[in-house]
Every structure is written in structure tokens, then in C-alpha cells.
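# Secondary and tertiary structure notes
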Amino acid sequence: MASTRISAQLPPDIDPTKAPIAFGRRALPKLNEEIQSPELLTQQRALMALSDLVHDPEKVYQAIQIGFVENLKTLLLHHDSTVRQKTTEILCIMAMHNVGRQGLIQKGVIPALAELMDDPVDICRKNTHQVFEMMAKLHEGEILTATRRV
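Before going into details, it helps to say that this report is about the structure given with it. (Residues numbered from 1 in each chain as written. Predicted model: local features only at pLDDT ≥ 70, side-chain atom pairs only at ≥ 80, totals over all residues. Heavy atoms only, no water.)

## What to know about helix α6 (residues 98-106)
Rules: Burial status follows relative accessibility: with a 1.4 Å probe on protein chains alone, a residue under 20% of its type maximum counts as buried, one over 50% as exposed, and anything between as partly exposed. Helix numbers and strand numbers start at the N terminus; a helix is a DSSP run of H or I with at least 4 residues, a strand a run of E with at least 2.
Within the sequence span of α6, burial applies to G100, R101, G103, L104 and I105. Within two residues after α6, G108 carries a phi angle of roughly 70°, on the positive side.

## Observations concerning the environment of Q43
Threshold: In this analysis, two residues are considered to be in contact whenever any of their non-hydrogen atoms come within 4.5 Å of each other.
Inspection of the secondary structure assignment puts Q43 in helix α2 (residues 40-53). By relative accessible area, Q43 is classed as buried at 7%. When the C-alpha atoms of Q43 and L31 are compared, they prove to be 8.8 Å apart, with 12 residues separating the residues in sequence. Apart from the residues lying within four places of it in its own chain, the contact partners of Q43 are E34, I35, Q36, S37, L75, H78 and V83.

## A few points about the nonpolar core
Definition in use: What we call a nonpolar core is a set of buried Ala, Val, Leu, Ile, Met, Phe, Trp, Tyr and Cys residues that are connected through their side-chain atoms within 4.5 Å.
Residues I35, L50, L72, L91, M94, L104 and L113 are the most contacted members of the largest nonpolar core, which totals 36 residues. Those elements that provide at least two residues to this core are α1 (27-35), α2, α3 (57-66), α4 (68-75), α5 (81-95), α6, α7 (109-114) and α8 (122-135). Considering every element that reaches this core, the biggest residue donor is α5, with seven residues. Beyond its immediate sequence surroundings of up to four residues, L91 is in contact with L72, L76, L104, V109, L113 and V131.

## Some thoughts on the side chain of D80
Rule in force here: We count Lys and Arg on the positive side and Asp and Glu on the negative side, and we leave His and both chain ends out. A carboxyl oxygen of Asp or Glu within 4 Å of a side-chain nitrogen of Lys or Arg is what we treat as a salt bridge.
With respect to the secondary-structure elements, D80 resides in the loop between α4 and α5. It is R84 that comes nearest to the buried, bridge-free D80 among opposite-charge side chains, at 6.9 Å. Sequence-distant contacts of D80, defined by excluding residues within four places in its chain, comprise L40 and Q44.

## A closer look at the environment of K107
For K107, the location among the structural elements is in the loop between α6 and α7. According to the relative accessible area criterion, K107 is partly exposed, its value standing at 29%. Placed 43 residues apart in sequence, K107 and I64 show a C-alpha to C-alpha distance of 8.8 Å. Excluding its chain neighbours within four sequence positions, the residues that come into contact with K107 are I64, V69, E70 and K73.

## Remarks on the pattern of salt bridges
According to the stated counting rule, one finds five salt bridges in the structure shown. Here R84 ties to D119 by a salt bridge, and the two come within 2.8 Å at their closest N and O atoms. Here the residue R84 occupies a position in helix α5, and D119 occupies one in the loop between α7 and α8, the gap between them amounting to 35 residues. Given a relative accessible area of 7%, D119 falls into the buried group. We note a salt bridge from D122 to R125, for which the minimum N-O separation is 2.4 Å. On the criterion of helical spacing, the pair formed by D122 and R125 is a turn pair, its members being three residues apart in helix α8. Relative accessible area serves as the criterion here: at 53%, D122 is assigned to the exposed category. Assessed through its relative accessible area of 31%, R125 is described here as partly exposed.

Okay, here's the thing in C-alpha cells:
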């Protein structure tokens, strides 16, 4: 007769670095709540999951409408380098989409990103530079990035 064995290890298809994502239209609001969590691990997991979702322009539009950009702006100055890295990565992915670039300009992300030009973490500076490069593809972005340099 077979016996039941309970393992302490996670199944091989479960990634502990990503937050479980809610189904359907509840996914982004739930991640938005988790990004605002005071617990560092919860924030990091939510950012990992969000970085997968924002490859879809429709999700980028929804994220902007929900208010992710304001929360991501506050995370740009976070004390944890992983949070700053994933935040700049998400903004970089969002800036790849036209709707994302327009949303980032409208929400005033450029001044907040300018603070990271002196970040001690190389990947944060690289992602910040890529966001500026993508923003310059819009006429409004050209004007804003040019005025920030002066």
C-alpha cells in the first residue's frame, strides 16, 4: 500500500521570487497593493511579477490608469538596490511602448529618474539611461529631457 509523503521543498515549477498573481483584472490592483507593502520581500516579489506583466501594452495602459507610476516614482529612491533595479527595469519596459512613454511623461517621471543618474548600482544607471533614450523618441520627451539637462 502506498504512503503519503510530505516534502519540505517547493515543487519544481514554483518560483519563490515571484508573487502569486491574482486572476484577470484583479492582478494589477493586487500587485499595486503589494508594492506599497512595508515588507521588503513582498515589494521585491511584486516588482518581479510586475516586470513580467508590463511587456503587454494593454497591461501598461492599465497600470498607468491604476496609479502604478506614482508608486514606482517613490520606489526609485528606495534604500534597497534590488527594489531600485527592478523599478527602473519596469519603467524601461513601460517606456518601450508608446502608451507607456506618454504615461510616464504625463506623470512626471523624468525628474524622479534624474535622481538615479548618480546611483551607485550600475544596472540602475543603465536602465535610467535607457528610459531617457526611449522617452526622447516622443517629441514631448525630447523637450523634457532637453530642459532637464540645462
